[in-house]
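Structure assessment
Chain residues, written in single-letter form:
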Amino acid sequence: MSRTEAPPLPEPLRVPVADSHTHLDMQDATVEEGLARAAAVNVTTVIQVGCDVAGSRWAAETAAAHASVHAAVALHPNEAPRIVHGDPDGWSRQGAREAGGTAALHEALAEIDALAALDHVRGVGETGLDCFRTGPEGMAAQEESFRAHIEIAKRHDKALVIHDREAHADVLRVLADAGAPERTVFHCYSGDADMARICADAGYFMSFAGNVTFKNAQPLRDALAVAPTELVLVETDAPFLTPAPYRGRPNAPYLVPVTLRAMAEVKGLDEDTLAAAIADNTARAFDY
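We now turn to the structure provided with this report. These numbers come from a predicted model, not from an experiment. (Residues numbered from 1 in each chain as written. Predicted model: local features only at pLDDT ≥ 70, side-chain atom pairs only at ≥ 80, totals over all residues. Heavy atoms only, no water.)

1. Details of the overall build of the chain
Our working rule: Numbering of helices and strands starts at the N terminus; helices are DSSP runs of H or I of at least 4 residues and strands are runs of E of at least 2. Within these notes, the globule rule equals 2.2 Å times the number of residues to the 0.38 power, and the radius of gyration is based on C-alpha atoms. Buried, partly exposed and exposed residues are distinguished by accessible area as a fraction of the type maximum, computed with a 1.4 Å probe on protein chains only: under 20%, between the cut-offs, and over 50%, respectively.
Broken down by element type, the chain carries 10 helices and 8 strands. For the chain, the C-alpha radius of gyration of 18 Å lies close to 19 Å, the compact-globule estimate for 288 residues. The C-alpha extent of the chain, read off along each of the three principal axes, is 50 × 40 × 35 Å. Put simply, the chain has 288 residues, and 55% of those count as buried.

2. Quick word on the layout of surface pockets
Worth spelling out the cut-off: Computed over the protein atoms alone on a 1 Å grid, cavities are sets of points where a 1.4 Å probe fits but cannot get out and pockets are open sets with protein on both sides within 12 Å along at least five of seven lines; a residue lines them when it has an atom within 4 Å of a point. Grid points are joined across faces, edges and corners, and a volume is the space filled by probe spheres set on the points. For this classification, the nonpolar set comprises Ala, Val, Leu, Ile, Met, Phe, Trp, Tyr, Cys and Pro, the charged set comprises Asp, Glu, Lys and Arg, and every other residue, Gly included, is treated as polar.
Reported here for the largest pocket is a volume of approximately 1,200 Å³. If you trace the largest pocket, you find 36 residues lining it, with His163, Arg165, Asp237, Phe240 and Leu241 closest to the centre. Elements that contribute at least two residues to the lining of the largest pocket include exactly helix H3 (79-85), strand E4 (121-130), strand E5 (159-165) and helix H8 (218-226). With 3 residues, the top contributor of residues to the lining of the largest pocket is E5. Looking at the lining of the largest pocket, its residues break down into 10 nonpolar, 13 polar and 13 charged. Volume-wise, the second largest pocket comes out at about 210 Å³. Residue composition of the lining of the second largest pocket, by class: 8 nonpolar, 4 polar and 2 charged.

3. A word on the nonpolar core
Put simply, the rule is: Take the buried residues of types Ala, Val, Leu, Ile, Met, Phe, Trp, Tyr and Cys, join any two whose side-chain atoms come within 4.5 Å, and each joined set is a nonpolar core. Should any heavy atoms of two residues lie within 4.5 Å, those residues are counted as being in contact.
Phe146, Leu175, Phe186, Tyr189, Phe208 and Met263 are the most contacted members of the largest nonpolar core, which has 71 residues in total. Discounting chain neighbours no more than four positions away, the residues touching phenylalanine 146 are Thr127, Gly128, Leu129, Leu160, Ile162, Val171, Val174 and Leu175. Counting 11 residues, the second largest nonpolar core, distinct from the first, contains Ile47, Ala72, Val161 and Leu231.

4. Quick look at the state of the cysteines
Applicable threshold: Working definition: a disulfide is two cysteine sulfur atoms within 2.5 Å of each other.
Taken as a whole, this structure holds 0 disulfides when the rule is applied. Cysteine cysteine 188 shares no disulfide, and the gap to the nearest cysteine sulfur, in cysteine 51, comes to 12 Å. Free of any disulfide, cysteine 199 has its nearest cysteine sulfur in cysteine 188, 13 Å distant. Assessed through its relative accessible area of 0%, cysteine 199 is described here as buried.

5. Here's the deal with the packing of aromatic side chains
Basically, it comes down to this: Any two rings among Phe, Tyr and Trp, with Trp reduced to its six-membered ring, count as a pair given centres within 6.5 Å; such a pair is stacked if its planes are under 30 degrees apart, edge-to-face if over 60, and tilted if neither. For a Lys NZ or an Arg CZ to count as sitting over a ring, it must be within 6 Å of the ring centre and within 35 degrees of the ring normal.
Evaluation of the coordinates by the stated rule reveals 2 aromatic pairs. Both rings, one in tyrosine 189 and one in phenylalanine 208, keep their centres 5.4 Å apart while their planes meet at 45°; by these two values the pair is tilted. Residue tyrosine 189 is found in the loop between strand E6 (184-186) and helix H7 (193-202), and its partner phenylalanine 208 is found in strand E7 (residues 205-208); the two are separated by 19 residues along the sequence. When the ring centre of phenylalanine 132 is taken as reference, the NZ or CZ atom of arginine 165 above it lies at 3.6 Å. For arginine 247, the ring lying beneath its charged end belongs to phenylalanine 214, and the centroid distance is 3.7 Å.

6. Quick word on the pairing of E5
Counted only if it meets this: Pairing between strands is defined by DSSP: at least two bridges between the two strands are required. When the strands point away from the viewer and the path from the first strand over the helix to the second turns clockwise, the crossover is right-handed.
The buried fraction of E5 is high, at 6 of 7 residues. With 6 bridges connecting them, E4 and E5 associate as parallel partners. Paired with aspartate 130 across the two strands is arginine 165, which belongs to E5. Bridge analysis of E5 against E6 gives 3 bridges, and the strand direction is parallel. In the sheet register, isoleucine 162 faces E6, and the bridge partner there is phenylalanine 186. With respect to chirality, the unit in which E5 leads through helix H6 (residues 168-178) into the neighbouring parallel E6 is right-handed.

7. What about H6?
This is how it is decided: Working note: the arc is built from the helix axis to C-beta atom directions.
Taken residue by residue, H6 has Val171, Leu172, Val174 and Leu175 as its buried positions. The buried side chains of H6 occupy one side of the element, clustering within an arc of 160° when seen end-on. Exposed side chains of H6 directed beyond 90 degrees from the buried face belong to Ala169, Ala176 and Asp177. On its buried face, H6 is in contact with E4, helix H5 (139-156), E5, E6 and H7.

Pasting the structure below:
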């Protein structure tokens with residue numbers, strides 16, 4: 001089986017659900033093909049997430065053109081230090097870039113702010129902190145950007161979509177200090193069960209991706225087990241994090257049923273019950 005070959009369509013869900021986090025602009029299929037495949041398995045809504053100014057503009061335009069798409073707009077945590085400090089040695093693996101300083105960051109944030117005001121933009125994200133790819137010298141820019149996104153989300157009453165990679169304590173610190181928006185979503189939840197309890201107490205949504213199916217992901221399954229069902233979402237983060245048994249092959253919104261079925265097993269719920277809860281939770285989180 002080729003690693004580049006798209007996995008087959010799974011058995012359709014009986015209850016329609018939403019993919020709470022996807023990147024249609026990074027997938028091989030056209031938007032129309034991707035949405036049609038998703039709809040064929042009863043994934044009837046997707047949240048298209050921007051990671052930079054251009055991607056956020058594209059997300060907003062795509063949501064405006066398709067009733068089943070809602071947009072989230074932001075500068076990814078690794079984008080902020082690239083804007084400020086540049087990327088002369090290619091650490092971000094996204095090509096060289098000149099340093100723009102804080103003025104360039106503020107200019108980019110103003111663009112995100114303008115997009116966040118649009119009605120079909122339902123979220124501000126993915127934003128947050130990433131200690132995996134950004135070194136210590138970039139963390140101040142990341143945190144400044146994160147705090148600005150929190151403020152934008154609150155001002156426009158949009159969901160905050162958080163990218164948290166190896167930065168759990170700092171993300172929770174900033175949220176507590178700045179005051180989290182009413183609706184906050186931990187995308188591709190990566191914490192343990194103890195952190196899930198903290199998120200639950202704060203009313204934060206936890207969105208689980210295909211990596212919850214990986215053999216080495218028992219801490220994630222433990223977190224899902226204690227997460228309140230009314231705060232759980234499902235996502236693909238496609239084209240990344242394809243669920244087992246298709247790990248390493250291209251991901252897309254139509255594979256949500258594979259992850260959802262694994263999640264139902266962890267939660268001890270039947271598939272329809274979890275799907276109905278997730279559909280309701282996603283609509284509440286993104287206010288559509």
